[in-house]
Amino acid sequence: FYTAGSQFTNCWNSGTIMSEKNVYTAGIVGDIYNVAKKETPIIITNCHNSGDIVASGNQGAGIVAYTNKYTTINNCYNTGNIEGGFGLGGIIGGLQGDTTDIVSNCYNLGNITTSTNRTGGVIGYGVAEAKVSNCFNLGDVDTSCTNPGTQSAASKTVPVSGYAIGGLAGTT
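Residues numbered from 1 in each chain as written. Predicted model: local features only at pLDDT ≥ 70, side-chain atom pairs only at ≥ 80, totals over all residues. Heavy atoms only, no water.

Peer 1: Help me understand the sheet that holds strand β7 (residues 48-49), please; the structure alone is not making it clear to me.
Peer 2: Sheet strands pair by backbone hydrogen bonding; their relative direction is either parallel or antiparallel. On the basis of which strands lie adjacent, the open sheet formed by five strands has the order β2-β7-β12-β17-β22 and parallel pairing. Across the chains shown, the open sheet's two edge strands, defined by having one partner strand only, are β2 (12-13) and β22 (136-137). Pairing analysis gives two bridges linking β7 to strand β12 (residues 77-78), with the strands arranged parallel. When the sheet's bridge partners are listed, H48 is paired in β12 with Y77. (Pairing = 2+ DSSP bridges. Helix = DSSP H or I, 4+ residues; strand = E, 2+ residues; numbered from the N terminus.)

Right, here's the structure in full:
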C-alpha cells in the first residue's frame, strides 16, 4: 500500500518476482487500493520491468498488479514474461477505477501465460471508463483455460481456448 500522492518516476526492476499466495505481484507496484484522491493522485512515469513475474495466486503484472481511482501510468513498459492465475497484464493486472484512471504510452513485449482468464497484453481486466491511449502489446497471450468463449481486443494472435483473453485487454 502507498500513501496518497505517491509518485514513482524512472523506476525499474530486472529481478524475477514470485508469489505463491493470492497477493498482488508486479515489477514496480503491487497494490494501490483506495489510496489516491483527486487532489493527491498516484503517478507512475517512465518505469519499466524486465524481470519475470510468477503470480501463482493471481493478480500479476509488469508494472502494477492492481489499482483503482486516480492513478496515472505513463511511458511505462514491460519486457518480462508473466505467468499465473487470473488478472494478468503486461502493464496492469487489474484496473478497477473509473474515468480518473489514465494509462498512456505504455507497451508490453513479454509473453503472458494464464491458467484461467482475465488476461491481456496491456491490461488484464478492468473498467471500460478508464482512459487508455497509445498502448500496444507485441507479446504472446496464452491460456490453458478450458472454458469456451471468445477473445477480445486482440492485437496479436491469441488462442481462443479460454475466455476473456486479449492482446490489449482481457475484459472490461
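Peer 1: Quick question: what am I supposed to make of the side chain of N68 here?
Peer 2: Its place among the elements puts N68 in the loop between β10 (64-67) and β11 (71-74). When its relative accessible area of 7% is taken as the criterion, N68 is described as buried. In contact with N68, other than residues within four places in its own chain, are I32, Y33, N34, Q96, G97 and D101. (Buried < 20%, exposed > 50% of the residue type's maximum accessible area, 1.4 Å probe, protein only. Contact = heavy atoms within 4.5 Å.)

Peer 1: Help me understand the sheet that holds β11, please; the structure alone is not making it clear to me.
Peer 2: Reading across from one edge, β1-β6-β11-β16-β21 is the order of the five strands in this open sheet, with parallel pairing throughout. Among the strands making up the open sheet, the edge pair consists of β1 (7-9) and β21 (131-133). Each strand axis lies, on average, 5° off the axis of its neighbour in the sheet, ignoring direction. (Axes fitted to C-alpha atoms, helices over the stretch in contact; angles between N-to-C directions.)

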